[in-house]
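Residue strings, one per chain:
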Amino acid sequence: MLLTRLVAYARDSSRVLPPFYKTQRVRWILDLNSDGSPKSGRLVPLANPDVPAQKNGVEYVIPSITKTSGIAPQIAVDTPEYLFGWVAKDAKPDRVRKAHDAFRALTDAWIHADPDSPARSLQRFLSGGHLERFTPPEGWSRGDLVAVRVHDGTSLGGAFLHETDSARRFWATVASARKGAGSTGLCLVCGQVGELLKTIPQQLPARLVPQATQSASLVSVNKATHGFGLQEQLVHTPVCVGCGLAVMGALESLLNDQWKSALAGQDTRLAWWVTGEVDFTLDPLDDPRAHPEQVARMLGGPVRGRQADALDEEDLSMFCALAIGGNVSRVVVREWIELPLKRVQHNLASWFDDHEIIDFWEQDTRYTGLGRMAMASGRWLADRKAYAKFGASGEDRPDGIYQALLRSALLAKPLPPKLLAHLVHRIRADGRLDTERAALLRLALVRRPGISHPEAYMPALNPDHHQPAYLAGRIFAVLEDIQLSAVRAGGDQAPNVTFTDRYFSRAVTSPAVALVAGRRDARAWLKRMRRDKPAWAYRAEERLDDLFAQLAAAGGIPHGAVLADQAAFILGYHQQRAAMRVERATKTTDQTPQDEGALA
């Protein structure tokens, strides 16, 4: 079904490249007059060392086919060996001569197939003795590409031969013959009888395939041991020439499109599309704050006054997504998703609901981009005040985290079982709890299989949730606040080692020791606060006593904590801190600013 959907996309999209064409860098241009004479005795250089994007030439959509070790010329654009017969230092003269002869023969064949084609200018250049006027320019290499441009007086600046309709028609015929198996049969993709391919005709550029070290093939069976029944190539996967071209053209177009998701340092790149005439985007997944209206539409919010992007019942629009990676020169299909668009919309609405979290600084709930969540799963570098980059040494980030989050968002699946334990460990080890980590923590907790009452873990503080671990986390936040408020009340500087610095990591797994010690120390903190800010002390003591009473009614202070309880402790701590900050921001008198705290 994957290949069928890609063929359908190629048929319906205007962005897919012509058959056997791809985007490559051209370093030189050969300018010709219509009679085949050169406009000058030198090639026009396109490389510009002052512009990084043009350091090795300018990108053009040109004829291209995966070359083998044999001689395989291309029309109107090729290397200096093929076009001029120039011999590089490490090249074999006899092979270069054969390559140049093959290029000339291909040009002749083009004119024979289409006598009115513009290729006649190139043929006259090759046979008219003009080659001797050219010498290799300084800095050329055997891998450079040279494009032929003809000036006939009808177009300003001339026209590239490879961009003509004649070139595209002829090249499709030539390339199909090279890649075809020399037989006809039933294509598994379109269900029609046609000329079958021997191999998939085009490769994807390495820049589009994460972890690929060179151009990569979608299907590669080049050894008998790799194929079913010890058969090489596409013997057991019959694909016709038209479908094979359409598949690779569509896939490269999708991966090149700026909509599509990619994340540097991870092993996955996403290509997605929607069938039918439906307005839909995944942009909010990576940057929900920049697309609030689109998030509201997914959630069925009031922006449009109707259900999120509601579709009519008869609408059969499908959401298709392909997650790929690479292994040297092969494409690895990591995930293929084909679902009704309505279901994907529902899954995305659940995704935003499940990770929405109160922001400590902004004092309101917000959504977090998928990429920022993936970044926050790695090590926090306190000296740089940033998370370790993807792929960096010691990043301590789960392999495939971006793909796992993407899969959870699109399919409403639980997160990997080990992610919650990893995240709790990183929060304890780094002493860092920000909005991104809190959002990921809540998401992992809510979607954890077997978790009881996931609805209790709300985006903001839930005063009716009486889980002992959650209450313990809230109490820890209040004790932290009392210590820092006592310091502020007296106008003193914060201590070098705070209560949070001393106890937080241990309190996550064993709250009893920290809470007992904190309640003992709180007497001195409250006494100091009563002297300078009695109203602060009254409210703080009232809040602390109320929470300890709730904890006693729920079963008392927990001495140990399983993983879900550890996560609940951290969530309660984060939400209580944010709630106290919101409370203070709404008061107009007798306020104390919340200190950043050790984990902000």
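Residues numbered from 1 in each chain as written. Predicted model: local features only at pLDDT ≥ 70, side-chain atom pairs only at ≥ 80, totals over all residues. Heavy atoms only, no water.

1. So, the overall build of the protein chain
At step 1: For the protein chain, the count of helices and strands is 18 helices and 16 strands.
At step 2: Once local pairs closer than 6 in sequence are excluded, the contacts in the protein chain between residues at least 24 apart make up 69%.
At step 3: A total of about 27800 Å² of accessible surface is found on the protein chain, and carbon and sulfur atoms cover 50% of it. (Helix = DSSP H or I, 4+ residues; strand = E, 2+ residues; numbered from the N terminus. Contact = heavy atoms within 4.5 Å. Areas by Shrake-Rupley, 256 points an atom, 1.4 Å probe, with all protein chains shown as cover.)

2. A word on the sheet that holds strand β10 (residues 212-217)
At step 1: Taken in spatial order, the 3 strands line up as β10-β12-β11 in an open sheet, and their pairing is mixed. Both outer strands of the open sheet, β10 and β11 (269-274), are each paired with one neighbouring strand and no more. Each strand axis lies, on average, 45° off the axis of its neighbour in the sheet, ignoring direction.
At step 2: Inspection of the sheet shows β10 paired to strand β12 (residues 318-340) by 2 bridges, in the parallel sense. When the bridges of β12 are listed, Ser 217 appears paired with Arg 330. (Pairing = 2+ DSSP bridges. Axes fitted to C-alpha atoms, helices over the stretch in contact; angles between N-to-C directions.)

3. With respect to helix α17 (residues 534-553)
At step 1: With 20 residues, α17 extends 29 Å from end C-alpha to end C-alpha; this agrees with the ideal 28 Å at 1.5 Å per step.
At step 2: As for α17, its buried residues are in contact with α14 (468-489), α16 (511-532) and α18 (563-586).
At step 3: Count one or two residues on from α17 and you reach Gly 555, which has phi positive near 125°. (Expected span 1.5 Å × (residues − 1).)

4. Let's talk about the pattern of salt bridges
At step 1: One pass over the full model with this rule turns up 28 salt bridges.
At step 2: Between Arg 97 and Asp 94 there is a salt bridge; the shortest N-O distance is 2.6 Å. Of this pair, Arg 97 and Asp 94 both sit in helix α3 (residues 93-113), 3 residues apart, roughly one helical turn.
At step 3: Notably, a salt bridge pairs Arg 519 with Asp 545, separated by 3.5 Å at the nearest N-O pair. In this pair, Arg 519 is assigned in helix α16 and Asp 545 in helix α17, connecting sequence segments 26 residues apart. (Salt bridge = Lys/Arg side-chain N within 4 Å of Asp/Glu carboxyl O.)

5. Re the layout of surface pockets
At step 1: Here the second largest pocket is characterised by a volume of approximately 420 Å³.
At step 2: Broken down by element, the residue count for the lining of the second largest pocket peaks at 5 residues, all from helix α1 (residues 2-12). (1 Å grid on protein atoms, 1.4 Å probe; cavity = no way out; pocket = protein on both sides within 12 Å on 5 of 7 lines; lining within 4 Å. Points joined across faces, edges and corners; volume = space filled by probe spheres on them.)

6. Quick look at the packing of α3 against helix α4 (residues 119-127)
At step 1: Two elements in contact, α3 and α4, have axes whose closest approach is 9 Å; the angle formed by their N-to-C orientations is 140°. Between α3 and α4 lies a crossing whose hand is left-handed. Of α4, the residues touching α3 (which contributes His 100, Phe 103, Arg 104, Thr 107, Asp 108, Trp 110 and Ile 111) are Ala 119, Arg 120, Leu 122, Gln 123, Leu 126 and Ser 127.
At step 2: By residue class, the composition of the contact of α3 with α4 is 6 nonpolar, 4 polar and 3 charged. (Left-handed = near helix turned anticlockwise from the far one by under 90°. Nonpolar A, V, L, I, M, F, W, Y, C, P; charged D, E, K, R; others polar.)

7. Considering the state of the cysteines
At step 1: Counted by the stated rule, this structure contains 0 disulfides.
At step 2: There is no disulfide at Cys 240, and the cysteine sulfur nearest it, in Cys 243, is 3.4 Å away.
At step 3: By relative accessible area, which is 10% here, Cys 240 ends up buried. (Disulfide = S-S within 2.5 Å. Buried < 20%, exposed > 50% of the residue type's maximum accessible area, 1.4 Å probe, protein only.)

8. Details of the side chain of Gln 403
At step 1: Looking at the element boundaries, Gln 403 is found in helix α11 (residues 401-411).
At step 2: In this structure Gln 403 comes out as buried when scored by relative accessible area, which is 17%.
At step 3: Residues contacting Gln 403, with those up to four places away along its chain left out, are Thr 268, Arg 334 and Glu 335.

9. Some thoughts on the nonpolar core
At step 1: In this structure, Phe 319, Leu 405 and Phe 476 are the most contacted members of the largest nonpolar core, which totals 86 residues.
At step 2: Discounting residues that sit within four places of it in the chain, Leu 405 has contacts with Trp 351, Leu 370, Met 373, Ala 374, Leu 415, Leu 440 and Leu 443.
At step 3: In this structure, Ala 10, Trp 28, Ile 200 and Cys 243 belong to the second largest nonpolar core, which totals 68 residues. (Core = buried A, V, L, I, M, F, W, Y, C linked by side-chain atoms within 4.5 Å.)

10. Describing the packing of aromatic side chains
At step 1: Here the structure, examined in full by the defined rule, presents 23 aromatic pairs.
At step 2: Taking the centre distance of 5.8 Å and the plane angle of 75° together, the rings of Phe 125 and Phe 134 count as edge-to-face. Of the two residues examined, Phe 125 and Phe 134, each falls in the buried class.
At step 3: With centroids separated by 5.9 Å and ring planes inclined at 75°, the aromatic side chains of Phe 499 and Trp 525 adopt a geometry described as edge-to-face. Of this pair, Phe 499 sits in helix α15 (residues 499-509) while Trp 525 is found in helix α16, placing the two residues 26 residues apart along the sequence. In this structure, Phe 499 and Trp 525 share a single accessibility class: buried.
At step 4: Through successive ring pairs, a cluster of aromatic residues spans Phe 476, Phe 499, Tyr 503, Phe 504, Trp 525, Phe 569 and Tyr 573. (Phe/Tyr/Trp six-rings, centres within 6.5 Å; stacked < 30°, edge-to-face > 60°.)

11. A closer look at the confidence of the model for the protein chain
At step 1: Averaged over the protein chain, the pLDDT score is 86; the fraction of residues at 70 or greater is 88%.
At step 2: Here residues 301-309 is a poorly scored stretch, pLDDT under 50, and it has 17 contacts once near neighbours within four places are set aside; other chains count.
At step 3: Contacts of residues 588-596 to residues separated by more than four positions or lying in other chains number 25 contacts, the stretch itself having pLDDT below 50. (pLDDT = per-residue confidence, 0-100.)

12. Quick notes on helix α6 (residues 241-256)
At step 1: With 16 residues, α6 extends 23 Å from end C-alpha to end C-alpha; this agrees with the ideal 22 Å at 1.5 Å per step.
At step 2: Burial within α6 is extensive, with 14 of its 16 residues counted as buried.

13. Considering unusual backbone geometry
At step 1: Although it is not a glycine, Gln 211 adopts a positive phi angle of roughly 75°.
At step 2: Turning to its location among the elements, Gln 211 is positioned in the loop between β9 (193-197) and β10.
At step 3: Positive phi is not limited to glycine here, since Lys 385 has a value of about 55°.
At step 4: Here Lys 385 is to be found in the loop between β15 (380-381) and β16 (386-387).

14. Comments concerning the environment of Val 274
At step 1: You can see Val 274 is positioned in strand β11.
At step 2: Using a relative accessible area of 18% as the deciding quantity, one classes Val 274 as buried.

15. A closer look at the side chain of Arg 5
At step 1: Assignment of secondary structure puts Arg 5 in helix α1.
At step 2: On the basis of relative accessible area, Arg 5 is assigned to the buried category, the value being 19%.
At step 3: Residue contacts for Arg 5: discarding those within four places in its chain leaves Trp 273, Thr 275, Met 318, Cys 320, Trp 336 and Glu 338.

16. A short note on the pairing of β12
At step 1: Sheet topology note: the β11/β12 ladder contains 6 bridges and is antiparallel. Each bridged residue has a counterpart across the sheet, and for Arg 269 the counterpart in β12 is Ile 324.

17. Things to note about the packing of α15 against α16
Any two packed helices are characterised by the angle at which their axes cross and by the distance between the axes.
At step 1: Put simply, α15 and α16 touch, their axes get as near as 7 Å, and they point 150° apart. Considered as vectors, α15 and α16 are oriented roughly antiparallel to each other. Listed contacts from α16 to Phe 499, Tyr 503, Arg 506, Ala 507 and Thr 509 of α15 are Pro 511, Val 513, Ala 514, Ala 517, Gly 518 and Trp 525.
At step 2: Grouping the amino acids of the contact of α15 with α16 by side-chain chemistry returns 8 nonpolar, 2 polar and 1 charged. (Parallel < 35°, antiparallel > 145°, perpendicular 65-115°, else oblique.)

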